[in-house]
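The primary structure of each chain is shown beneath.
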Amino acid sequence: MAEMLLQVENLKSVYKTRFNERIVAVDDVSFNLENGKCLGIAGESGSGKSTLAMSIMGYYHPPLFYESGAIYISGIDIAKLPYNQLREKILGKEIAYIPQAAMNALNPTQKIINLVADVMKEHVKGITINEIKKIAEERFETLNLPKDVLQRYPIELSGGMKQRTVIAISTILNPKILVADEPTSALDVTSQKIVIKLLKDLLKRGFIKAMIFITHELPLLYNIADEIIVMYAGEVVESGKAEEIIFDPIHPYSHGLMNSIIVPEKGIKGKKLAVIPGAPPNLKLKLEGCRFFERCQFAKDECKNGRIDIKCANERNYRCVFGVEELKEMYEDDKKPATT
Ligand SMILES: Nc1ncnc2c1ncn2[C@@H]1O[C@H](COP(=O)(O)OP(=O)(O)OP(=O)(O)O)[C@@H](O)[C@H]1O
Ligand SMILES: [Mg+2]
C-alpha cells in the first residue's frame with residue numbers, strides 16, 4: 001500500500017475577529033497525500049485554500065485558530081503540537097510552505113545567496129557560508145537555474161525567475177512535502193509552464209516526496225496534479241483523480257469552474273466562456289444546506305436545508321443531494337437548445 005505522508009481528518013479552522021465574529025474558513029476538510037503524488041486544491045477566491053494551507057503547516061496564530069480535527073505528518077498530529085516542537089521537528093524538514101505571493105516578499109536588500117543562507121542556518125547547525133554556496137550552486141545547476149542568480153538581488157530578476165528562485169530556496173533542505181500556494185498566479189503563460197516543470201522536476205528527482213499545488217484555475221491542474229480537491233466556501237465539494245474531475249466533473253460547482261475556462265489548457269478543448277453567476281455565502285453566518293445553493297442552476301428545495309454529506313461514487317467524493325446519473329442528465333439537458 002502507498003505510504004501516506006499527510007492525513008488531514010475533519011479539520012476545522014476559524015478566524016475570530018475583534019468583534020467576536022467567527023469565520024469558519026476551513027470546515028470539516030479531510031484528505032490524504034501519498035508519497036510521490038501531487039494533490040491539487042482548486043476553488044474561487046475566498047474558498048479557504050490559503051487557510052487550509054496555513055492550517056496544515058500548523059500556522060495557528062491569531063486571528064486564525066484550530067477548532068477540531070487532526071493533521072497527521074509522519075504519524076504526529078501536528079495540530080496539537082506546541083509551536084516550538086513544530087518548528088524543531090516538522091517545519092522545513094517534513095513540510096515546507098511557499099505562501100501566496102511569496103516572490104514579492106523577498107527581502108530586497110539581500111542577495112539571493114544570503115536568503116538561501118538564512119534558510120539553511122536555521123536548520124543546519126554550524127554550516128559555513130562556503131558549504132551553503134556549494135550546496136546552493138549544485139542545486140541551482142541541477143534545476144537548470146543560472147548560478148549567477150545567487151549573487152543577484154531579487155529586484156534584478158524577472159517574475160518567473162523570482163518564483164523559480166523562491167521554489168529552489170524553499171526546497172533546498174529537501175522537505176518531504178511542499179505546499180505551493182498559487183505559485184503561478186501572477187505569471188504569464190510561458191513562465192507558468194516553466195514553474196510547473198520545475199515543480200514536477202523536484203518531485204521526479206526526489207528532492208521532495210509529495211506536493212500540494214493550490215490554484216483558482218482548475219484546468220491548470222491537468223498538467224501537474226494526480227488528485228484534486230475542489231473547495232467551495234470552506235468545504236470540499238468534490239475530490240478524486242485529476243483527469244476525472246477535469247474531464248467529467250460531478251459537482252455543479254466543479255462543472256461551473258470547468259465551463260469558465262478562459263485560456264484552454266493543452267489537451268483540454270476550449271469551451272464557451274461563462275462565469276458562475278453570484279457570489280459565495282458569507283462565512284460569518286451559520287450555513288445550512290448546500291453552500292452552493294444560491295448559485296446552482298439545478299438547485300431544488302431539498303438542497304436548502306440540513307447537512308449535505310459527502311457521497312462516494314467510484315472513488316469520487318462529492319457533496320450534493322443528487323445522484324451522479326441524475327446530475328449527468330441535468331448537464332446533458334442543459335446543453336440542448338431551448339425548443340420554444
Ligand atoms: N486574517 C483574516 N481575518 C479574518 N478573515 C479572514 C482572514 N484571512 C482570510 N479570511 C477569510 O477566510 C476565508 C478564506 O480565505 P482564504 O484566504 O483562505 O481564501 P483563498 O481560497 O485562499 O482565496 P484567494 O484565492 O483569494 O487566495 C475568506 O472568507 C476570507 O475573507
Ligand atoms: Mg489564497
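Cut-offs used in this document
- Residues numbered from 1 in each chain as written.
- Chains lettered and ligands numbered in written order.
- Predicted model: local features only at pLDDT ≥ 70, side-chain atom pairs only at ≥ 80, totals over all residues.
- Helix = DSSP H or I, 4+ residues; strand = E, 2+ residues; numbered from the N terminus.
- Rg over C-alpha atoms; globule rule 2.2 N^0.38 Å.
- Buried ≥ 20, exposed ≤ 12 C-beta atoms within 10 Å, placed from the backbone.
- Contact = placed C-beta atoms within 7 Å.
- Domains from an automatic or database assignment.
- Nonpolar A, V, L, I, M, F, W, Y, C, P; charged D, E, K, R; others polar.
- Near = placed C-beta within 6 Å.
- Pairing = 2+ DSSP bridges.
- Core = buried A, V, L, I, M, F, W, Y, C linked by C-beta atoms within 7 Å.
- Axes fitted to C-alpha atoms, helices over the stretch in contact; angles between N-to-C directions.
- Parallel < 35°, antiparallel > 145°, perpendicular 65-115°, else oblique.
- Left-handed = near helix turned anticlockwise from the far one by under 90°.
- Expected span 1.5 Å × (residues − 1).
- Arc of directions from axis to C-beta.

**Student:** I would appreciate a short explanation of the overall build of the protein chain in the present structure.
**Tutor:** Regarding its fold elements, the protein chain presents 9 helices and 12 strands. The C-alpha atoms of the protein chain give a radius of gyration of 21 Å, which matches the 20 Å a tight globule of 340 residues would have. Counting the 340 residues in the protein chain, one finds 38% classified as buried. Contacts spanning at least 24 positions in sequence make up 63% of the contacts within the protein chain whose residues lie at least 6 apart.

**Student:** How should I be thinking about the domain arrangement of the protein chain in this particular structure?
**Tutor:** Interface extent is often summarised as the accessible area lost during association of the parts. With domains assigned, the protein chain is organised as domain 1 (1-91 + 217-340) and domain 2 (104-209). Placing the centre of domain 1 and that of domain 2 at their C-alpha centroids yields a distance of 29 Å. Contact residues are listed per partner, giving 14 residues for domain 1 and 11 residues for domain 2. Of all the elements in the fold, those that place two or more residues in the side of domain 1 that touches domain 2 are strand S1 (4-16) and helix H1 (49-56). Per element, the largest residue contribution to the side of domain 1 that touches domain 2 is 3 residues, and it comes from H1. Here the residues of the side of domain 1 that touches domain 2 sort into 10 nonpolar, 4 polar and no charged.

**Student:** Can you walk me through the site of ligand 1 in this structure?
**Tutor:** Around ligand 1, a shell composed of 16 residues is seen, among which Ala 25, Ser 45, Lys 49, Ser 50 and Thr 51 lie nearest. The set of elements that each furnish at least two residues to the shell around ligand 1 consists of strand S2 (22-34) and H1. A per-element tally of the shell around ligand 1 places H1 first, with 3 residues. Looking at the shell around ligand 1 residue by residue, the classes come out as 5 nonpolar, 10 polar and 1 charged.

**Student:** For this particular structure, what's the right way to read the sheet that holds S2?
**Tutor:** The strands that make up a sheet pair up through hydrogen bonds in the backbone, lying either parallel or antiparallel. The sheet built from 4 strands is open, its strands ordered S2-S1-S4-S5 with antiparallel pairing. The sheet terminates laterally at S2 and strand S5 (76-77), the two strands that pair on one side only. Sheet topology note: the S1/strand S4 (residues 64-73) ladder contains 8 bridges and is antiparallel. Residue pairing in the sheet places Glu 9 in a bridge with Ala 70 of S4.

**Student:** When you look at the nonpolar core in this model, what are you seeing that I'm missing?
**Tutor:** In a soluble, globular protein the nonpolar side chains are often hidden away together inside. If you look at the biggest cluster of nonpolar residues, it comprises 87 residues, and the most contacted ones within it are Val 179, Phe 213, Leu 221 and Val 230. Per element, the largest residue contribution to this core is 6 residues, and it comes from S2. A domain-level breakdown of this core finds at least three residues from each of domain 1 (1-91 + 217-340) and domain 2 (104-209). Leaving out residues up to four positions away in the same chain, Val 230 has contacts with Ala 42, Gly 43, Leu 218, Val 236, Val 237, Glu 238, Ile 245, His 251, Tyr 253 and Ser 254.

**Student:** I would appreciate a short explanation of the sheet that holds strand S9 (residues 227-232) in the present structure.
**Tutor:** In space, the 8 strands of this open sheet follow the order S6-S7-S8-S3-S9-S10-S12-S11, with mixed pairing throughout. Of all strands in the sheet, those bounded by a partner on one side alone are strand S6 (95-98) and strand S11 (311-313). On average, each strand axis in the sheet is inclined to that of its neighbour by 20°, with strand direction left out of account. The pairing of S6 with strand S7 (residues 177-181) spans 4 bridges and is classified as parallel. Counted as the bridge partner of Ala 96 is Leu 178 from S7.

**Student:** Please explain the packing of helix H5 (residues 159-170) against helix H6 (residues 189-204) as it appears in this structure.
**Tutor:** In a pair of packed helices, the angle between the axes and the distance between the axes together describe the arrangement. Relative to each other, H5 and H6 sit at 15°, their axes nearing to 9 Å. In terms of their interaxial angle, H5 and H6 are classed as roughly parallel. Seen along the crossing, H5 lies across H6 with a hand that is right-handed. Taking contact as the criterion, the partners of Gly 159, Gly 160, Gln 163, Arg 164 and Ile 167 in H5 are, on H6, Ser 191, Ile 194, Val 195, Leu 198 and Leu 199.

**Student:** Teacher, can you tell me more about unusual backbone geometry here?
**Tutor:** Across residues other than glycine, the phi torsion is negative in most instances, and most of the peptide bonds are trans. Note the cis peptide between Pro 62 and Pro 63, where omega equals 10°. For Pro 63, the location among the structural elements is in the loop between H1 and S4. In the Ramachandran plot, Asn 10 falls in the positive-phi region, its phi being about 45° despite a non-glycine side chain. Structurally, Asn 10 is set in strand S1. Under the C-beta neighbour-count criterion, Asn 10 is labelled exposed, with 11 such atoms within 10 Å. Positive phi, close to 45°, is recorded for Asn 314, a residue that is not glycine.

**Student:** Can you help me understand helix H4 (residues 129-142) in this one?
**Tutor:** Because an α-helix packs 3.6 residues into every turn, residues spaced three or four apart end up facing the same way. The terminal C-alpha atoms of H4, which comprises 14 residues, lie 20 Å apart, in line with the 20 Å expected from a rise of 1.5 Å per residue. Of all the residues in H4, the buried ones are Ile 132, Ala 136, Arg 139 and Phe 140. Axial view of H4: buried residues confined to an arc of 100°, hence all on one face. Exposed and facing more than 90 degrees away from the buried side of H4 are Asn 130, Lys 134, Glu 138 and Glu 141. Elements in contact with the buried residues of H4: helix H3 (112-123) and H5. One or two residues past the end of H4 sits Asn 144, with phi positive at roughly 60°.

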